[in-house]
Amino acid sequence: MTGIAGMALAASLVTAGSVHAASWWSDPNSCSGAATAVSRVVSGRTVQVRYGTCGGVQHGWGRILNYASSDGIRFEVDLNGDRSADAWSFYRAGTRNYTSGYPTSSSADRAFRACYESGSTKSCTAWW
């Protein structure tokens, strides 16, 4: 990606399926009680699923540490229990090293994972 179009795409929130953009919390850095649910080290980078309270509701989001500016962090949301992404948020780590957040649920159908992306490489945490 290059130019303004590439920068806009790299910082954009992407959703699919029946998920509405209003469900996402745009800046989980403003959430309280943040903690790491699951993490994975990939090529020296630490990929994490984080959670915390945002506007009175618990949300989960992805974060990457020890990254290169061209690396991507992708946060995937499963809404129906098939452990396949129904919605996601993606950012270039050079722009922002964490994704938007999505509300957690006590339902076993909802799960999250975070993925490191660079070129054709994609490596994810376990589903949480």
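Up top is the structure these notes are about.
Summarised in this report is the structure supplied together with it. (Residues numbered from 1 in each chain as written. Predicted model: local features only at pLDDT ≥ 70, side-chain atom pairs only at ≥ 80, totals over all residues. Heavy atoms only, no water.)

## Thoughts on the packing of aromatic side chains
And then number 1: With the rule as written, the count across this model stands at 5 aromatic pairs.
And then number 2: Here Y51 and W128 contribute two aromatic rings whose centre-to-centre distance is 5.3 Å and whose plane-to-plane angle is 20°, an arrangement assigned as stacked. One end of the pair, Y51, is in strand β2 (residues 45-54); the other, W128, is in the segment after β8 (121-124), with 77 residues separating them in the sequence.
And then number 3: For W128, a relative accessible area of 37% translates into the label partly exposed.
And then number 4: Note on F112 and W128: the rings are 6.2 Å apart at their centroids and 40° apart in plane angle, and the pair reads as tilted. Here the residue F112 occupies a position in strand β7 (residues 111-118), and W128 occupies one in the segment after β8, the gap between them amounting to 16 residues.
And then number 5: An aromatic cluster of at least three residues, connected via ring pairs, comprises W24, Y51, F75, Y102, F112 and W128.
And then number 6: For R96, the ring lying beneath its charged end belongs to Y91, and the centroid distance is 4.2 Å. (Phe/Tyr/Trp six-rings, centres within 6.5 Å; stacked < 30°, edge-to-face > 60°. Helix = DSSP H or I, 4+ residues; strand = E, 2+ residues; numbered from the N terminus. Buried < 20%, exposed > 50% of the residue type's maximum accessible area, 1.4 Å probe, protein only. Lys NZ or Arg CZ within 6 Å of the ring centre and 35° of its normal.)

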